[in-house]
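# Breakdown of the fold
The chain contents come next:
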Amino acid sequence: MTRLRICLFALLVVPTLVIAQTTLQGVVSDSASGEKLVGVNVFLVGTSLGSATDIEGRYRIAAIPPGVFTMRISYVGFEAKDVEVNLTQSDVVELNIQLSPGIILGDEVVITAQMRGQIAAINQQITSNTIVSVVSEERIQELPDANAAAAIGRLSGVSLLRNGGEASQVVMRGLSSKFSSITIDGVRISPTAANDRGVDLSAISQGSLAGIELFKALTPDKDADAIAGSVNLVTRKAPSERVLRFDGRGNYNGIDESANQYNFTGRYSERFLADLLGVQLIGNVENTIRSNESANYNYDQSINNFADYRISQFDVTYLNEIRKRGGGSLLLDFDTPDNGTIRFNNVFNQTSRNFITHNRNYHAQGQVDYNYRDRESDIHTFNSSLRGDNHLFGFDLTWNAAFSESKVKTPLDYDMNFIEASSTSGDSSGMRNVPAEYWKGPVEAWIPYAFNNFEYAVINRATDRTSRNYDKEKTAFLNIARTYALDETISGEVKIGGKYRAKSRSFSSTEAIANYYLFPVPAYVRLENGTYVNKDLSGTQFQGLEGRQGVSFNYFLNPPPPDRNIYDLYRLYPLVTRDHLRLWRKLNINGFFTTNNEQYDTNAEYLNNRLVLTDGYRLTESVLAGYVMNTLNVGTWFTFIAGVRVEQDDNDYAGAYTPLPLSGFIFAQTGDILTKEANHKETTVLPNLQAILKPTDFMNVRLAGYKALARPDFNHRLPKFVTRSVGNLINLGNPDLKNAVAWNYEVQTQFYGNTIGLFSIAAFYKDIKNMYHTLNGITLFSDSVRLYGETVHRRDIVDKLGVDWRSYTNNFPFTDREYTLTWRYNSTKPTRVWGFEVEHQTDLRWLPGLLKNIVLNYNFTVVRSETWLTTEDTVRIPTPGRPTGTPRRTIVERKQKLEDQPEFFANASLGYDYEGFSLRVSYFYQGEFNRSFSSDGRSDGITQAYSRWDMTLKQQATDYLSLILSLNNISNTQEGAMIANRLTGWQLIDTNQKYGMTVDFGVRLEF
């Protein structure tokens, strides 16, 4: 053990005693096109000294002892080159290199557009000091995907969560998006979700990106809160030559049969002041239809004492959505005299969704419900950073001061529910009785049994909601690195650094409900100044409805009302008129029954649901981190990284609590809501060891073992204690919730060369301690209960679980009734994730004739997991005289898979270039995964397997003009979900959605 400590000390400290002599630097470019090459391996033969070119094509080798060396420049896809360099006199030597694609079968190789992008990604992955996957700028720009998430989804180890028919969040290594970090040039993008740490990447246009790096193994100089991995969106400083580019696209949507769509992107970049100052401006605006059709099923699974089931109702839905994106970036970069650079980068992205949902159901018998929801939402993200990469006094300095924020708001979310009651005679409204032979389907046979008698339908309820989520973060960091050489064969780099992050975040929401089925339309309205006046509906189609109960559905329909055939099978009838919904809301949202002011406004037409108010919170999080790491190179065949990172959390939270249960008929209208504050501090030490072995010039073996962490969702640590008398609900936060900490083990083998391209296979294993979960809807029984195999009285259950309730109340709301408990906790048992990835990227230039223009890329990933959840079950207690025992409800820990984790997913793409023509056909497959788990195991949610085909074509028409055609979702694939009954083995259809095929046609102008 003593020797080991001495060795580690030597690796981390002793190298700083050796001072560099000479620095060799320059740019490597393509001899044919002049483009800068990324990921080129540059090293001095016979030594351990080397470097790889960065995103700008620059390399830098420091700490070179005086002498004459042979410099070898190698780049998969190009011919290697040897150059003799004399480093006996100068401190800094500038040497620019050009590489040639080489000759195959006697012909000079022509590197096509898709080849160039693939070659760049291959070499970045080969020369990286850790395990990384890359999407190059050429691939992003040449044949673009819908958004940044879709581009990332083509990499191995990545599955996708979809929203509105397009990718929105990335799931790495089977861990949901909140377990990853998303950055732009190393600056974190603020989370956009209401409660968790996920980022909606559909808000980010990929048009401004110079590449995407997906780090599957972390080094100590990176933020540690990324158990799954880290995604870095890369921008590039302005090139030497002026760039002026314009992309414009139109789009046809098959669901709405509409071409009312567009996507415009402009880019300008140029250098000034003798190339010292670079300016880059990018802007984009987009209008896209994301409408869909869907069907949803509800079941009665209690038939014959839960031995059988039937469909109780099914819903058909048409969502008519327009999604708009806009964004821009300004990047200023300045080349400093120390051969470094300072960059001032600002990136803004915005997405707005405007949609109305038309929904109706078909019951096996009885009433019919019609539901319509009008909604607008906006997501804004902004990142600003001042970053320097400098070389001073023999040290490499990287520093940054940054600000990021996200604003997510829903200013309008209004829905109305109408009921067409079943008539007493059963022959005029609602549903006729559906025959038993159709109780399990097909559901299209139910449709003729609906009367669709809208004059009997009336308003039941209207709900008005708003929400707002604001997140901002300030960051500053400094990294200091020193390159050293012990001799010609042993060299390395010592690096230390620190980082400070300060986050503030708030979330608030409202919900107000009007029960029109129970009460007449109120006759008064309260103005903004607080005074009351008579409500005036004159001049509208609602004239004279003041004081009337049972307002007819017909007032909200245009005659004759339109309908829609969902999937060409199910009739959705009628479609509501959106303007009528908005007018009704405007006229009545501030309505009152009387002019008397009362506490909680209990005479208001729309009563606030106070239970929703308790979901609001405020918090501040500060993270102070420091690290030290050493990279040791032995020749060109072995690299060893050793380091440790320490992160310290100091967080303040403010949440809601209720000293007495909230009360009210149907929903919580009355009761006091108070605010409580809490603090959480935690320090985590995170060791890190990695190694790269290069036994041959065509093979790398990478090994990594390191710790990473995951911070709980923002609403998990709140000092929250909320009870409701109706329904007997208890919802508690947990300020003592710990960070989850994981040991990550990675091994990857890479084979590469001009013919094979890059073939890699990787295996990973994650052992996660203190995984946080939500105990959701556990019943606190009215008698004794089995808890983890022990008989416990109901009053002691919460103490046994570890729930801290005494800091909120001395009178815990227990009665003889049963309560259901929602609570956040750390699992006492480990969560494990493991799997492997296979990826192959290559081109077929070595084939004869036209086949040499083929570019091929495919990958697949297999993932497995296990975690433990506290949940309900039923056990049988041995009882004398009862052979089967006495059934007893119990609380147990149950092992199951993680949520949002498909066990198999794959990508494949085939590209072809010929002169000015480019084609890419791509396929994406994602296996089914668990979406949610029920407390009794009878209604677990499963997202079904999903696959799609896409095709993009590009034709260079002139030197300045290109034409682009994209066919998306050619297979017209539906997205669906199932309900799994784990007790009986049933898998029942829950919902499915259809977005249809879309067609994009666009032009690119480039000067």
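Before any of the text, the structure's been laid out above.
Below is a short write-up of the structure. (Residues numbered from 1 in each chain as written. Predicted model: local features only at pLDDT ≥ 70, side-chain atom pairs only at ≥ 80, totals over all residues. Heavy atoms only, no water.)

Looking only at helices and strands, one finds 8 helices and 57 strands in the protein. Dimensions of the protein along its principal axes, counting C-alpha atoms only, are 100 × 70 × 65 Å. Split into buried and exposed, the 1007 residues of the protein put 57% on the buried side. A fraction of 71% describes how many contacts in the protein between residues 6 or more apart in sequence connect residues 24 or more apart. About 40,800 Å² of surface is accessible on the protein, with carbon and sulfur atoms providing 54% of the total. (Helix = DSSP H or I, 4+ residues; strand = E, 2+ residues; numbered from the N terminus. Buried < 20%, exposed > 50% of the residue type's maximum accessible area, 1.4 Å probe, protein only. Contact = heavy atoms within 4.5 Å. Areas by Shrake-Rupley, 256 points an atom, 1.4 Å probe, with all protein chains shown as cover.)

On to the sheet that holds strand S29 (residues 532–534). The 3 strands lie next to each other as S29-S28-S32, forming an open sheet whose pairing is antiparallel. Each edge of the open sheet carries a strand with a single partner, namely S29 and strand S32 (591–592). Sheet topology places strand S28 (residues 524–526) next to S32; 2 bridges connect them, and they run antiparallel. In the strand pairing of S32, Val525 is matched with Gly591. (Pairing = 2+ DSSP bridges.)

A few words now on the sheet that holds strand S16 (residues 211–215). In space, the 5 strands of this open sheet follow the order S11-S16-S17-S14-S15, with mixed pairing throughout. Each having just a single partner strand, strand S11 (132–136) and strand S15 (187–188) make up the two edges of the open sheet. Relative to strand S17 (residues 229–234), strand S14 (residues 180–184) is paired through 5 bridges, and the arrangement is parallel. Residue pairing in the sheet places Ser180 in a bridge with Gly229 of S17. The strands touched by helix H2 (residues 113–127) within the sheet are S11 and S16, with S11 carrying the most contacts at an inclination of about 155°. (Axes fitted to C-alpha atoms, helices over the stretch in contact; angles between N-to-C directions.)

All of the buried residues along helix H6 (residues 578–588) are His580, Leu581, Trp584, Leu587 and Asn588. Taken end-on, H6 shows its buried residues confined to a sector of 140°, consistent with a single buried face. Pointing more than 90 degrees away from the buried face of H6 are the exposed residues Asp579 and Lys586. Looking at the buried positions of H6, the neighbouring elements they touch are strand S23 (341–363), strand S24 (368–392), strand S25 (395–420), strand S26 (457–485) and S32. (Arc of directions from axis to C-beta.)

Compared with the 21 Å implied by 1.5 Å per residue over 15 residues, the 22 Å span of H2 between its first and last C-alpha is a close match. Within H2, 12 of the 15 residues are buried, which leaves the element mostly enclosed by the surrounding structure. Burial in H2 covers these residues: Gln114, Met115, Gly117, Gln118, Ile119, Ala120, Ala121, Ile122, Asn123, Gln124, Gln125 and Ile126. (Expected span 1.5 Å × (residues − 1).)

Next up on the list: the pairing of strand S35 (residues 638–657). Where strand S34 (residues 617–634) and S35 come together, 17 bridges link them in antiparallel fashion. The residue of S35 that forms the bridge with Thr631 is Ile641. Taken together, S34 and the strand that follows it, S35, pair antiparallel across an intervening segment of 3 residues, in which Gly635 is found at a positive phi of about 60°. For S35 and strand S36 (residues 674–696), the ladder comprises 20 bridges, and the chain directions are antiparallel. The partner of Phe638 across the bridge, within S36, is Leu693.

You can see Glu605 is positioned in the loop between S32 and strand S33 (607–608). Among the polar contacts listed, one links the side chain of Glu605 to the side chain of Tyr516, at a separation of 2.5 Å. Leave out the neighbours within four places in its chain, and Glu605 touches Ile513, Ala514, Tyr516, Val521, Pro522, Lys535, Asn588, Gly591, Phe592 and Phe593. (Polar contact = N/O pair within 3.5 Å; in protein donor to acceptor, adjacent residues only side chain to side chain.)

Here the focus is the side chain of Asn930. Relative to the helices and strands, Asn930 is located in strand S51 (residues 929–932). At 2.8 Å, the side chain of Asn930 forms a polar contact with the side chain of Arg982. Not counting chain neighbours up to four residues away, the residues in contact with Asn930 comprise Lys897, Leu898, Glu899, Asp900, Gln901, Gly941, Ile942 and Arg982.

On to the nonpolar core. Ranked by internal contacts, the top residues of the largest apolar core, which has 55 residues, are Phe314, Met416, Phe553, Phe556, Tyr570, Trp584 and Tyr606. At 5 residues, strand S22 (residues 308–335) tops the list of elements feeding residues into this core. Excluding its chain neighbours within four sequence positions, the residues that come into contact with Tyr570 are Ala295, Tyr297, Phe314, Val316, Val443, Glu444, Ile447, Arg564 and Asn565. Ranked by size, the runner-up nonpolar core spans 50 residues in total, among them Leu175, Ile204, Ala217 and Ala708. (Core = buried A, V, L, I, M, F, W, Y, C linked by side-chain atoms within 4.5 Å.)

Below, the discussion takes up unusual backbone geometry. In this chain, Gly441 is followed by Pro442 through a cis amide linkage whose omega measures 5°. Cis geometry is found at the peptide bond from Tyr573 to Pro574, where omega equals 5°. Along the chain, Pro574 falls in the loop between strand S31 (570–572) and H6. Of note in the backbone geometry, Ala63 takes a positive phi value of approximately 60° without being a glycine. You can see Ala63 is positioned in strand S4 (residues 58–64). Located in the positive-phi region is Asn969, a residue other than glycine, with phi close to 55°. Within the fold, Asn969 resides in the loop between strand S54 (961–968) and strand S55 (974–981).

Evaluation of the coordinates by the stated rule reveals 64 salt bridges. One salt bridge connects Glu473 with Arg501, and the closest N-O pair in it is separated by 3.4 Å. Highlighted residues: Glu473 in strand S26 and Arg501 in strand S27 (residues 490–514), separated in sequence by 28 residues. As far as burial versus exposure is concerned, Glu473 and Arg501 are alike and both buried. The salt bridge involving Lys897 is made with Glu903; its shortest N-O contact spans 3.0 Å. By relative accessible area, which is 21% here, Glu903 ends up partly exposed. (Salt bridge = Lys/Arg side-chain N within 4 Å of Asp/Glu carboxyl O.)

So, on to the environment of Arg154. For Arg154, the location among the structural elements is in the loop between helix H4 (148–152) and strand S12 (158–163). In sequence terms Arg154 and Arg387 are 233 residues apart; their C-alpha atoms lie 30 Å from each other.

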